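# Topology and contacts: notes
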Amino acid sequence: MRNTDFKDMGICVHDEFCGGCLYQGVSYDEQLKTKEAEVLAHFRDKEVSPGFFDGIEGCPEGFRYRYRNKMEYTFGDLVKDGPLCLGMHKIRNFMSIVTVDSCQLVDEDFNMILRYTLDFAAERGYRHYHKRSHTGLLRNLIVRKGMRTGELLINLVTATAEREAADFDEKDWTEGLISLNLSNKIVGILRTFNDSPADSVVCESMKILYGRDYYMEKLLGLDFKVSAFSFFQTNVEAVERLYTEALDLIDDFSGKTVFDLYCGTGTISQILALKAKDVLGVELVEEAVDAARENARLNGLDNCRFIAGDVFKVLKEEETRPDVIVVDPPRMGMTPDAVDKIVSYGVPQIVYISCNPKTLAINLKQFSDSGYEARYVKAFDNFPLTKHTECIALIERKVL
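Residues numbered from 1 in each chain as written. Predicted model: local features only at pLDDT ≥ 70, side-chain atom pairs only at ≥ 80, totals over all residues. Heavy atoms only, no water.

The subject of this paragraph is the environment of Ala393. Within the secondary structure, Ala393 sits in strand β17 (residues 390-397). Between the C-alpha atoms of Ala393 and Val377, which are 16 residues apart in sequence, the distance is 4.3 Å. Ignoring any residue separated from it by four or fewer positions in sequence, one finds Ala393 in contact with Leu249, Ile350, Val351, Tyr352, Leu360, Tyr376 and Val377. (Helix = DSSP H or I, 4+ residues; strand = E, 2+ residues; numbered from the N terminus. Contact = heavy atoms within 4.5 Å.)

Written out as structure tokens, the structure is:
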């Protein structure tokens, strides 16, 4: 389904307070110029000079709004002891929450689910969880969508009932959600319990209130089962182009053993498995590895295996040696130990997929100091209106 293009939408009504978008009211050409300049600035700062910088590719036209397939909303208030809010953190004020029931980055179903849940909670007088006193019931609402399947997964995160005088009315809330006139199909409604003092979503236990605890998605011809807390790329349409171009940087995968490091739910691993002899995926989050294994079975792929653990520690014990390495690390980038271990294999080519140009520059400098060079870099704007930019890089061993 085609999403709304930039020219059809004005400045978001939440722009004054919400910290989610940075470029409301800025033309798309200017957004791209700014992001490209920021990438190059990070490279200059770290004294990294790619052999060829291929500029920045914009998000596909028609998918620059309504592109997010996941939102993690927070319960709170905009002013101390004010009315209950549900949405995003206020810009420059982390303790305040802005209700974002008209967000332009998500399907309108997300906005309807948010508004219904907020009204339901406010009418019944439920308290939001207080970050400092660690009291209150409601913590987060997470909504996820299969962009190609139209499946919705809804997850309410609360403290346990013992911490409140009255527990959440799961039955009425669930029935109300199901009765909403949505464009997509709800396939699962969950409740996650989290009593952790940390200001993050921690799944201490979970119950299924309706349907199942996963949704299905399609990417580059493969099927993916995405569970409640599994990582999956946020903009499916844009990431297909990024992955395709990244893997095309390697001339031929046939007959080769490939390491896919920081593999998440194994999306890239399985795409590689269609081309390579065999693939090893390594990922720290055990739930993501479980999902990767299940998705590989779902797609009938028996030439990829997955190991849960820290990349450096896993590689220290792994006896298989790669012919090609693909890395897709989190925003913090790769540790120096991981870079050193990767360099020790001496593979001729490494593909680096980055969600943070700053840490990419840091890692490229480390590779450069260890006998490798960035032969090609290209930036991608997969998250229009926001500050985020992704990059791909082909790193090759220097010829002496």
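That shown, we press on.
Glancing now at the side chain of Asn184. Turning to its location among the elements, Asn184 is positioned in the loop between α3 (170-179) and β7 (185-193). Judged by its relative accessible area of 14%, Asn184 falls in the buried class. Separated by 3.1 Å, the side chains of Asn184 and Asp107 make a polar contact. Polar contacts involving the side chain of Asn184 include one to the side chain of Asp109, which spans 2.7 Å. Residues in contact with Asn184, not counting those within four places in the same chain, are Asp107, Asp109, Lys145, Gly150 and Leu152. (Buried < 20%, exposed > 50% of the residue type's maximum accessible area, 1.4 Å probe, protein only. Polar contact = N/O pair within 3.5 Å; in protein donor to acceptor, adjacent residues only side chain to side chain.)

Under the defined criterion, the tally for this structure stands at 24 salt bridges. Here Asp119 makes a salt bridge to Arg115, at a shortest N to O gap of 2.8 Å. Of this pair, Asp119 and Arg115 both sit in helix α2 (residues 108-123), separated by four residues, roughly a single helical turn. Since its relative accessible area comes to 31%, Asp119 is described here as partly exposed. (Salt bridge = Lys/Arg side-chain N within 4 Å of Asp/Glu carboxyl O.)

For the coordinates displayed, the defined rule picks out zero disulfides. In this model Cys355 remains outside any disulfide bridge; the closest cysteine sulfur is found in Cys391, 9.9 Å from its own. (Disulfide = S-S within 2.5 Å.)

Take the sheet that holds strand β6 (residues 151-158) next. If you walk across this open sheet you meet the seven strands as β4-β3-β2-β5-β6-β7-β8, and the pairing is mixed. The sheet terminates laterally at β4 (93-99) and β8 (205-211), the two strands that pair on one side only. The average angle at which neighbouring strand axes cross in this sheet is 30 degrees, direction not considered. Across four bridges, the pairing between strand β2 (residues 70-77) and strand β3 (residues 84-90) is antiparallel. Its bridge partner lying in β3, Gly76 is registered against Cys85. Where α3 meets the sheet, its contacts fall on β5 (138-145), β6, β7 and β8, and the angle it forms with β7 comes to roughly 155 degrees. (Pairing = 2+ DSSP bridges. Axes fitted to C-alpha atoms, helices over the stretch in contact; angles between N-to-C directions.)

All right, on to the nonpolar core then. Side chains of a nonpolar character, in soluble globular proteins, are inclined to be buried together. Grouped together as the largest cluster of nonpolar side chains are 41 residues, with contacts concentrated most on Tyr243, Phe253, Val258, Leu272, Val326, Ile353 and Ile392. Residue contributions to this core peak at six residues, all from helix α4 (residues 236-247). Apart from the residues within four sequence positions on either side, Val258 is in contact with Phe253, Leu272, Ala276, Asp278, Val279, Leu280, Val324 and Val326. Among the nonpolar cores identified, the runner-up in size contains 40 residues, and Cys59, Phe63, Ala338 and Ala393 belong to it. (Core = buried A, V, L, I, M, F, W, Y, C linked by side-chain atoms within 4.5 Å.)

With that settled, consider the pairing of strand β9 (residues 214-219). Inspection of the sheet shows β9 paired to strand β10 (residues 222-227) by six bridges, in the antiparallel sense. For Tyr215, the partnering residue across the bridge sits in β10 and is Val226. The hairpin turn running from β9 into β10, its antiparallel successor, is two residues long, and Leu220 in that turn takes a positive phi close to 50 degrees.

Further remarks concern α2. Under the 1.5 Å per step criterion, the end-to-end length of α2 is 23 Å for 16 residues, consistent within 8% with the ideal 22 Å. Looking at α2, one finds that the buried residues are Asp109, Phe110, Asn111, Ile113, Leu114, Tyr116, Thr117, Leu118, Phe120 and Ala121. Buried positions along α2 lie against β2, β3, β4, β5, β6 and α3. Residue Asp107 occupies the N-cap position of α2, its side-chain oxygen lying 2.7 Å from the main-chain nitrogen of Asp109. Looking one or two residues beyond α2, the residue adopting positive phi is Gly125, at roughly 75 degrees. (Expected span 1.5 Å × (residues − 1).)

What follows deals with the confidence of the model for the chain. Close inspection of predicted coordinates is inappropriate for parts of the model with low pLDDT. Scored by pLDDT, the chain has a mean of 93; 96% of the residues are at 70 or more. Across residues 1-6, confidence stays below pLDDT 50; counting only partners more than four residues off in sequence or on other chains, it has 26 contacts. (pLDDT = per-residue confidence, 0-100.)

Within strand β15 (residues 349-354), six of the six residues are buried, leaving the element largely enclosed by the surrounding structure. Side-chain alternation along β15 places Gln349, Val351 and Ile353 on one buried face and Ile350, Tyr352 and Ser354 on a second face that is also buried. Of the strand pairs in this sheet, strand β14 (residues 324-327) and β15 are connected by three bridges, and their pairing is parallel. The residue of β15 that forms the bridge with Val326 is Val351. The parallel pair β14 and β15, bridged by helix α8 (residues 336-344), forms a crossover whose chirality is right-handed. In this sheet, β17 lies alongside β15 in antiparallel orientation, the contact comprising six bridges. Pairing of Ser354 across the sheet is with Cys391, part of β17. (Right-handed = clockwise from strand over helix to strand, strands pointing away.)

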